[in-house]
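Residue-level listing of the chains:
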Amino acid sequence: MTGRRRRSIILLSGIAVLGLVCVLYSLLQRRQAAAELASAGQTLHRLISQRADQHDAHLTSLSALVQAADPAPIATVEQVAASITRFYPRIVGIDVIDLAATPPASLLDASDPAIVAAEAAQASGASVRTRAIDDGSKLLLVKRALTDGVGHYAIALIVDIARLSASDVALPEGATATLRLASEPPPAGNKASAFSAEIASRTQPLRLDLASTAPRWPVPPLGFLLLAALLTALGGVLIERLLDARSKANDAARKAALAAQDARLAHAGRVNAMGELASGIAHELTQPLTAILSHAQAGQRLVQRPGMEPATLAPALDAIARNAKRAGEILGRLRAWISKSEPDLEIVDLAELAREVAHLLTTGALPDGTSLKVESDGSRPLVRADRVQLEQVVFNLGRNALDAVAEAKSERIVTIAVAMQGAEALLSVADTGPGLSSEAEARLFEPFFTTKPEGLGLGLALCNRLIERFGGTLEGRNAAVGGAVFSFHLPLAAEAIRREAAE
Ligand code: ADP
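Residues numbered from 1 in each chain as written. Predicted model: local features only at pLDDT ≥ 70, side-chain atom pairs only at ≥ 80, totals over all residues. Heavy atoms only, no water.

The name an unreviewed UniProt entry assigns to the chain is histidine kinase, from the organism Bosea rubneri.

Here's what the structure looks like:
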């Protein structure tokens, strides 16, 4: 997974977690608000129930007072009523109605005698009648005082509903309490009540409702949101770091495994390269060794001739010595090349070098019908190079050309041409062979590319590297007249020295 994708996923998860935290907060707040409302409702319910019991007690004691004498001791009743209303502000009126009068008469002028008489008519025995008056803002409680069993007095108690349901206990924020007669429907437009219970009173059928205006999904406060966002962000960063560290550890483990594999491959490569190198050395040494062998055999034949003049052995011994020296030099230069030591630069006459290499190439007789020529424009192209290494290059190109013409059906000619072109010396080796295949043309200087059954594919790679060392370029192509041409340009010695000085 890319770092960017991982970060996006963590960011989205963080937002989801934050959303979840907000929902949880809302749910908990709702539960807590409901619990607080229920607890406040129960407290208020208990309080109102006690107050309702007090109303019963007042009615009972007033009723007893009214029955104490005939006619009722109204002055005393009035005094008691005044002290009751003073101590209980929710009781806003107390009245005694004479039911025997026609029409029924209010003795304390606190209520509508007709309404009280109507209620008293329905109150049988000691029961209390309760009804709402003044548009439901007050309760009228009526009790019939049963003087001499006839009961021609009725006691009326007028209670303010708002004060009846008022409490010192603070309701939760946004909560409202409504007290109504149980038989009445809840006021229209009221919020669904969160708490509803009938007041525990046998005489006053009242119902208490508590509703809340608090939002259904409370939004967490800004501080909480910021804290939650901060914690989520910290969590996200932590997770990101952990995942990052884990993926880095995985990467490191993978790299270590790859490095171990690389080391194994490099070792295998080195072992392989050593094998190839040994073959390369053998390749380079074959020519001088073959020449030494053939000259030694020629010498042996000469020695066996009767009357042999020792002087006749001289050329063979010369050739043996020259080739042995060359083999030694090849080994030395190969070692120098492998160890990347500096070449042994000197001024070399390219035309002379070409003739010497041609001589080396023709030392063992050439196959029948094969000719090798050296052409020169008569100039003396002096270059700065390591003589033996440059010889190796020309020798390799000439050897390849001779190999190529061996396959030719008609003419088998190899031409080494030397010329001067401006500030450069040019040497080319042309042959009348089959030319380069398109694959060979593309991969000429690739080490180990060969089309020969016994080939190593190291010759041209080595030549290319050596020519580059001397500041030149080597190229191989097919000639228009057929066959292949390999050529290289080298800066003339003066130019080479000037370039070296500039560097
Ligand atoms: P090797 O001679 O061991 O194959 P080289 O690097 O010298 O290695 O040559 C690589 C290949 O280039 C040869 O196998 C051959 O296919 C091609 N090549 C080189 N010189 C010539 C040439 N003069 N004519 C045709 N093909 C050539």
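Next, the rest of the story.
Asker: Let's hear about the packing of helix H1 (residues 3-66) against helix H2 (residues 74-87): which residues, and what values?
Answerer: Running from N to C, H1 and H2 point in directions that differ by 165 degrees, and their axes come no closer than 10 Å. Here H2 runs roughly antiparallel to H1, going by the angle between their axes. Viewed along their axes, H1 and H2 form a crossing whose handedness is right-handed. Counted together, His 58, Leu 62, Leu 65 and Val 66 of H1 and Thr 76, Val 77, Val 80 and Ile 84 of H2 form the full contact between these two elements. Classifying every residue of the contact of H1 with H2 gives six nonpolar, two polar and no charged. (Axes fitted to C-alpha atoms, helices over the stretch in contact; angles between N-to-C directions. Helix = DSSP H or I, 4+ residues; strand = E, 2+ residues; numbered from the N terminus. Parallel < 35°, antiparallel > 145°, perpendicular 65-115°, else oblique. Left-handed = near helix turned anticlockwise from the far one by under 90°. Contact = heavy atoms within 4.5 Å. Nonpolar A, V, L, I, M, F, W, Y, C, P; charged D, E, K, R; others polar.)

Asker: A description of the layout of surface pockets should follow, citing residues and the corresponding values.
Answerer: Empty space within the largest pocket amounts to approximately 830 Å³. Looking at the lining of the largest pocket, the elements that each hand over two or more residues are helix H8 (387-406), strand S13 (424-431), helix H10 (459-469) and strand S15 (484-491). If you tally residues by element for the lining of the largest pocket, the top one is H8, at seven residues. For the second largest pocket, the calculated volume is near 660 Å³. The element best represented in the lining of the second largest pocket is H1, accounting for nine residues. Among the residues making up the lining of the second largest pocket, the classes are represented as 11 nonpolar, three polar and six charged. (1 Å grid on protein atoms, 1.4 Å probe; cavity = no way out; pocket = protein on both sides within 12 Å on 5 of 7 lines; lining within 4 Å. Points joined across faces, edges and corners; volume = space filled by probe spheres on them.)

Asker: Describe in detail unusual backbone geometry, supporting the description with residues and values.
Answerer: A cis amide bond links Thr 102 with the next residue in sequence, Pro 103, at an omega value of -10 degrees. Positionally, Pro 103 belongs in the loop between strand S1 (91-98) and strand S2 (105-106). In this structure, Asp 109 is a non-glycine residue whose phi angle is positive, near 55 degrees. Among the secondary structure elements, Asp 109 is positioned in the loop between S2 and helix H3 (113-122). The backbone phi angle of Asp 135 is positive, close to 55 degrees, even though this residue is not glycine. Tracing the chain through its elements places Asp 135 in the loop between strand S3 (128-133) and strand S4 (138-145). The exposure class assigned to Asp 135 is exposed, which follows from its relative accessible area of 86%. (Buried < 20%, exposed > 50% of the residue type's maximum accessible area, 1.4 Å probe, protein only.)

Asker: I'd like a description of the pairing of strand S12 (residues 412-421), backed by residues and values.
Answerer: The pairing of strand S10 (residues 370-376) with S12 spans seven bridges and is classified as parallel. From the neighbouring strand, Thr 370 faces S12, where its bridge partner is Arg 412. As judged from the eight bridges shared by S12 and S13, these two strands associate in the antiparallel manner. Across the sheet, residue Ala 419 finds its bridge partner in S13, namely Leu 426. (Pairing = 2+ DSSP bridges.)

Asker: Run through helix H7 (residues 350-361), naming residues and quoting values.
Answerer: An α-helical turn contains 3.6 residues, so any two residues separated by three or four positions project in the same direction. End to end, H7 covers 16 Å across 12 residues, agreeing with the expected 16 Å (1.5 Å per residue, within 8%). For H7, every residue scored as buried is listed here: Leu 350, Ala 351, Leu 353, Ala 354, Val 357, Ala 358, Leu 360 and Leu 361. Sitting at the amino-terminal end of H7 is Asp 349, which places a side-chain oxygen 2.9 Å from the backbone nitrogen of Ala 351. (Expected span 1.5 Å × (residues − 1). Polar contact = N/O pair within 3.5 Å; in protein donor to acceptor, adjacent residues only side chain to side chain.)

Asker: An account of the side chain of Asp 209 is requested, with residue identities and associated values reported.
Answerer: Note on placement: Asp 209 falls in strand S8 (residues 206-212). By relative accessible area, Asp 209 is classed as buried at 5%.

Asker: An account of the sheet that holds S2 is requested, with residue identities and associated values reported.
Answerer: Strand order across the open sheet formed by five strands is S2-S1-S5-S4-S3, with antiparallel pairing between neighbours. What marks the edges here is a single partner per strand, and that holds for S2 and S3. As paired strands, S3 and S4 are joined by six bridges and run antiparallel to one another. Across the sheet, residue Ala 132 finds its bridge partner in S4, namely Leu 139. Strands in contact with H1 are S1, S3, S4 and strand S5 (153-160); relative to S5, the strand with the most contacts, it is inclined by about 150 degrees.

Asker: Could you give an account of the sheet that holds S12, naming the residues involved and the relevant values?
Answerer: Read from one edge to the other, the open sheet built from five strands follows the order S10-S12-S13-S15-S14, with strand pairing classed as mixed. Bordering the open sheet on either side are S10 and strand S14 (473-478), each of which pairs with just one other strand. Adjacent strand axes in the sheet meet at a mean angle of 15 degrees, parallel and antiparallel pairs treated alike. Relative to S15, S14 runs antiparallel, the two being bridged by six bridges. Across the sheet, Asn 478 pairs through a bridge with Ala 484, a residue of S15. Docked against the sheet, H7 engages S10, S12, S13 and S15, running at close to 170 degrees with respect to S10.

Asker: With reference to specific residues and values, describe the pattern of salt bridges.
Answerer: Inspection of every chain in the model, using the stated rule, returns 19 salt bridges. Ionic pairing is found between Arg 131 and Glu 119, a salt bridge with its closest N-O pair at 3.3 Å. Residue Arg 131 is found in strand S3, and its partner Glu 119 is found in helix H3; the two are separated by 12 residues along the sequence. The exposure class of Arg 131 is partly exposed, given its relative accessible area of 31%. We classify Glu 119 as buried; its relative accessible area is 6%. Where Lys 373 meets Glu 375, a salt bridge forms, and the shortest distance between an N and an O atom there is 3.9 Å. (Salt bridge = Lys/Arg side-chain N within 4 Å of Asp/Glu carboxyl O.)

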